[in-house]
Amino acid sequence: MKTDNMMFGRVWIVWVGIMVLWWGCRRTMGEEYMVYKDAKQPIGVRVKDLLSRMTLEEKIGQMAQIDRVAATADIMKKHYLGSIISGGGSAPLPHATAADWVKMVNDFQKGSLSTRLAIPMIYGIDAVHGNNNIYNATIFPHNIGLGATSKRIGVGLWT
């Protein structure tokens, strides 16, 4: 019985030693704790940490938005761009499906996430009344939506 306890103790010590070494190696191999990526931290703390890590070029890039036709994953990565917009009528293909849109946005996002700080980009669509650039999508007429509110005064103000 005593031998079993000693054996268990040795195995436990070896296991703890391996875990300490593994953790130490991870820290020295460049995996740094980044407060801004920790969702458990308050937003203000995360923002302050992120801004303190950003270069001036990264800050400028995050404030910029370009049109989809000029964007590539490489451009997103090279210039740290924060946003892309599809201007009126701009679509990835002539009859772009929802899957085509998802693929396009994900490709741009991969470029953004491959930067040093891996800040995701925001994708915008110039579509006041719904995105009618998705092939076979259902778009409900704006005026019907306003009429469905049953608020005559409000509808009068919007038309």
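Placed above this text is the structure.
Here the structure is a predicted model, which is why all the values come from computation and not from measurement. (Residues numbered from 1 in each chain as written. Predicted model: local features only at pLDDT ≥ 70, side-chain atom pairs only at ≥ 80, totals over all residues. Heavy atoms only, no water.)

**Observations regarding the side chain of Ser90**
- Tracing the chain through its elements places Ser90 in the loop between β2 (83-86) and α5 (98-113).
- Among the polar contacts listed, one links the side chain of Ser90 to the side chain of Arg68, at a separation of 2.8 Å.
- Not counting chain neighbours up to four residues away, the residues in contact with Ser90 comprise Asp67, Arg68, Val69, Trp101 and Asn133. (Helix = DSSP H or I, 4+ residues; strand = E, 2+ residues; numbered from the N terminus. Polar contact = N/O pair within 3.5 Å; in protein donor to acceptor, adjacent residues only side chain to side chain. Contact = heavy atoms within 4.5 Å.)

**So, the sheet that holds strand β1 (residues 65-67)**
- Reading across the sheet, the 3 strands line up as β1-β2-β3 and stay open at both edges, with parallel pairing between neighbours. Across the chains shown, the open sheet's two edge strands, defined by having one partner strand only, are β1 and β3 (122-125). Strand-to-strand twist of the sheet, defined as the mean angle between neighbouring strand axes without regard to direction, takes the value 25°.
- Two elements, β2 and β3, share 4 bridges in a ladder whose sense is parallel. (Pairing = 2+ DSSP bridges. Axes fitted to C-alpha atoms, helices over the stretch in contact; angles between N-to-C directions.)

**Regarding helix α2 (residues 43-53)**
- For α2, the set of buried residues is Asp49, Leu50 and Arg53. Buried residues of α2, seen end-on, are gathered within an arc of 95° and therefore sit on one face of the element. Set apart from the buried face of α2 by more than 90 degrees, the exposed residues are Gly44, Lys48 and Ser52.
- In this fold, the buried residues of α2 make contact with α3 (56-62). (Buried < 20%, exposed > 50% of the residue type's maximum accessible area, 1.4 Å probe, protein only. Arc of directions from axis to C-beta.)

**A short note on the pairing of β2**
- Pairing of β1 with β2 involves 3 bridges; the strand directions are parallel. Directly across from Ile66, in β2, lies its bridge partner Ile84.
- Regarding topology, helix α4 (residues 73-79) serves as the crossover connection from β1 to the parallel β2, and that connection is right-handed. (Right-handed = clockwise from strand over helix to strand, strands pointing away.)

**Digging into the environment of Met76**
- Tracing the backbone through its elements, the reader meets Met76 in helix α4.
- Once the C-alpha coordinates of Met76 and Ser114 are considered, the two residues, 38 residues apart in sequence, prove to be 9.1 Å apart.

**Brief notes about the side chain of Asp38**
- Within the fold, Asp38 resides in the loop between α1 (2-28) and α2.
- At 2.6 Å, the side chain of Asp38 forms a polar contact with the side chain of Tyr33.
- Those residues in contact with Asp38 that lie beyond four places of it in its chain are Tyr33 and Arg46.

**Regarding unusual backbone geometry**
- Non-glycine residue Tyr80 carries a positive phi angle of around 55°.
- Mapped onto the elements, Tyr80 comes out in the loop between α4 and β2.
- A relative accessible area of 23% means that Tyr80 is categorised as partly exposed.
- A positive phi angle, close to 55°, is found at Ala118, a residue other than glycine.
- Position of Ala118 among the secondary structure elements: in the loop between α5 and β3.
- The exposure class assigned to Ala118 is partly exposed, which follows from its relative accessible area of 23%.

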